[in-house]
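Structural overview
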Amino acid sequence: MNDSARVVVITGGSMGIGRAVALKFAEEKAKIIVAHYDPDDSASSTTLELLGRYGAEATSHKVDVSDYGEVEALFKDTIDRFGRVDVLINNAGIARDALLMRMSEDVWDTVLKVNLKSVFNCTQAVVRSMVKMKKGRIVNISSVVGQIGNPGQANYAASKAGIMGFTKSIAREVAGRGITVNAVAPGYIKTDMTDALSEKVRDAFLEQIPLRRIGEPNDVAEAVYWLCSEAAGYITGQVIHVSGGLFM
Ligand code: NAP
């Protein structure tokens, strides 16, 4: 086992943006812990297979990131096994769209729990050990929608705006301990989440993207990975938009 390899936890690392982030860390042969939710392990198995090709030590865990106890157990196991967590990527997220007048309480609560409470759960579970080490990197995946809003996504936008406020507050709390906390706000990125949208919605977004293309998961992963590098050590409490200029 390579003891100098970084220990990296990526929530929602089984597919989409999370998988692309995991692949970036695999290039440096990090020890990667992929958390995902679906009992169907096929996406996470593919991810582990891809990570293995780089010689990275990777495991996947089925965890509901909105569940405080499950998250606590995941981080306890990880720290017991590896002694630390160097990097936390809070990436897991869902969308359950509806216009406000038709949005059920359950749909509101579910999105807020999975997208925002999860970030509290995971960050709190890891921060003590990072404080002890006097170093650490936390990157939270927000969304351009948290900044500009989107009809039908009041729950999603609120959760993603909440991540921005959380990021800045925790960045201030832990900056003195050598830990940076930043957010990345993707625009429209091609993943299963956006594949669910109609061509009409996609085309409407495309119209508004100055760089005139839909983003790829790797566009986001590059920014996330860089924020976790030594080179980005003087950057904290920031929201970096990766949206082809959709928000500027
Ligand atoms: P995706 O392809 O749908 O992947 C979502 C990931 O989150 C999956 O690995 C999924 O695992 C996991 N997940 C969902 N609920 C979970 C739960 N309760 N506990 C643990 N893991 C859970 O989505 P994506 O497009 O890559 O999005 C990744 C992040 O980027 C999300 O936070 C999303 O809001 C944000 N984002 C995406 C876009 C975009 O255009 N795609 C734009 C802005 C922001 P299972 O499948 O195993 O449940």
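Provided above is the structure to which this section pertains.
Summarised in this report is the structure supplied together with it. Because the structure is a prediction, the values reported are computed rather than measured.

Some points on the site of the ligand
- Close contacts around the ligand come from 29 residues, with Ser-14, Asp-38, Asn-91, Tyr-156 and Thr-191 the closest.
- At a separation of 2.8 Å, an oxygen atom of the ligand approaches a polar backbone atom of Ile-17.
- In this structure, Val-65 approaches the ligand through a main-chain N or O atom, which is 3.0 Å from a nitrogen atom.
- Starting from 900 Å² of accessible surface for the ligand in isolation, the protein chains cover 92%.
- Among the secondary structure elements, those contributing two or more residues to the shell around the ligand are α1 (16-27), α6 (154-174) and α7 (192-195).
- A per-element tally of the shell around the ligand places α7 first, with three residues.
- Its residues assigned to classes, the shell around the ligand shows 14 nonpolar, 11 polar and four charged.

Some thoughts on the packing of helix α4 (residues 105-133) against α6
- It is at 8 Å that the axes of α4 and α6 come closest, and there the two elements cross at 15°. When the axes of α4 and α6 are compared, the pair comes out roughly parallel. For α4 against α6, the interelement crossing comes out right-handed. Residues Val-107, Trp-108, Val-111, Leu-112, Asn-115, Leu-116, Val-119, Phe-120, Thr-123 and Val-127 of α4 form the contact with α6, whose own contacting residues are Ala-154, Asn-155, Tyr-156, Ala-158, Ser-159, Lys-160, Gly-162, Ile-163, Phe-166, Ile-170 and Val-174.
- Here the contact of α4 with α6 is built from residues that sort into 15 nonpolar, five polar and one charged.

Describing the environment of Glu-72
- Looking at where Glu-72 falls in the secondary structure, it is placed in helix α3 (residues 68-82).
- Taking the relative accessible area as the measure of exposure, Glu-72 reaches 47% and is therefore partly exposed.
- In this structure, the C-alpha to C-alpha distance between Glu-72 and Lys-200, residues 128 residues apart in sequence, is 41 Å.

Quick word on the state of the cysteines
- Taken as a whole and judged by the stated rule, the model has zero disulfides.
- Distance from the sulfur of Cys-122, which forms no disulfide, to the nearest cysteine sulfur (Cys-228) is 15 Å.
- According to the relative accessible area criterion, Cys-122 is buried, its value standing at 1%.
- Exposure remark for Cys-228: the relative accessible area of 2% places this residue in the buried category.

Quick word on the side chain of His-36
- Within the element layout of this structure, His-36 appears in strand β2 (residues 31-36).
- According to the relative accessible area criterion, His-36 is buried, its value standing at 5%.
- Of the polar contacts made by the side chain of His-36, one reaches the backbone oxygen of Asp-38; its length is 3.4 Å.
- Here the side chain of His-36 touches Ser-44 through a polar contact of 3.4 Å, side chain to side chain.
- The contacts of His-36, once residues within four sequence positions are left out, are Ser-14, Asp-41, Ser-44, Ser-60, His-61, Lys-62 and Val-63.

Let's talk about the pairing of β2
- The element β2 is extensively covered by neighbouring structure, given that six of its six residues are classed as buried.
- Because side chains alternate across β2, one face comprises the buried residues Lys-31, Ile-33 and Ala-35, and the other comprises Ile-32, Val-34 and His-36, equally buried.
- As defined by bridge partners, strand β1 (residues 7-11) adjoins β2 across five bridges and the pair is classed as parallel. Each bridged residue has a counterpart across the sheet, and for Thr-11 the counterpart in β2 is Ala-35.
- In the classification by handedness, the crossover that spans β1, the intervening α1 and the parallel β2 is right-handed.

Quick look at the pairing of strand β3 (residues 57-62)
- Where β2 lies against β3, six bridges are found, and the strand directions are parallel. Paired with Ile-33 across the two strands is Thr-59, which belongs to β3.
- For the crossover from β2 across helix α2 (residues 42-53) to β3, the handedness is right-handed.

Details of the pattern of salt bridges
- Counted under the stated rule, the structure contains 11 salt bridges.
- One salt bridge connects Asp-195 with Lys-190, and the closest N-O pair in it is separated by 3.0 Å.
- Here Arg-213 makes a salt bridge to Asp-219, at a shortest N to O gap of 2.9 Å.
- Note on Asp-219: relative accessible area 26%, which makes it partly exposed.
- The network of salt bridges with common partners includes Lys-24, Glu-27 and Glu-222.

Reading the values: the criteria
- Residues numbered from 1 in each chain as written.
- Predicted model: local features only at pLDDT ≥ 70, side-chain atom pairs only at ≥ 80, totals over all residues.
- Heavy atoms only, no water.
- Near = heavy atom within 4 Å.
- Polar contact = N/O pair within 3.5 Å; in protein donor to acceptor, adjacent residues only side chain to side chain.
- Areas by Shrake-Rupley, 256 points an atom, 1.4 Å probe, with all protein chains shown as cover.
- Helix = DSSP H or I, 4+ residues; strand = E, 2+ residues; numbered from the N terminus.
- Nonpolar A, V, L, I, M, F, W, Y, C, P; charged D, E, K, R; others polar.
- Axes fitted to C-alpha atoms, helices over the stretch in contact; angles between N-to-C directions.
- Parallel < 35°, antiparallel > 145°, perpendicular 65-115°, else oblique.
- Left-handed = near helix turned anticlockwise from the far one by under 90°.
- Contact = heavy atoms within 4.5 Å.
- Buried < 20%, exposed > 50% of the residue type's maximum accessible area, 1.4 Å probe, protein only.
- Disulfide = S-S within 2.5 Å.
- Pairing = 2+ DSSP bridges.
- Right-handed = clockwise from strand over helix to strand, strands pointing away.
- Salt bridge = Lys/Arg side-chain N within 4 Å of Asp/Glu carboxyl O.

The values are spatial; any link to function lies outside them.
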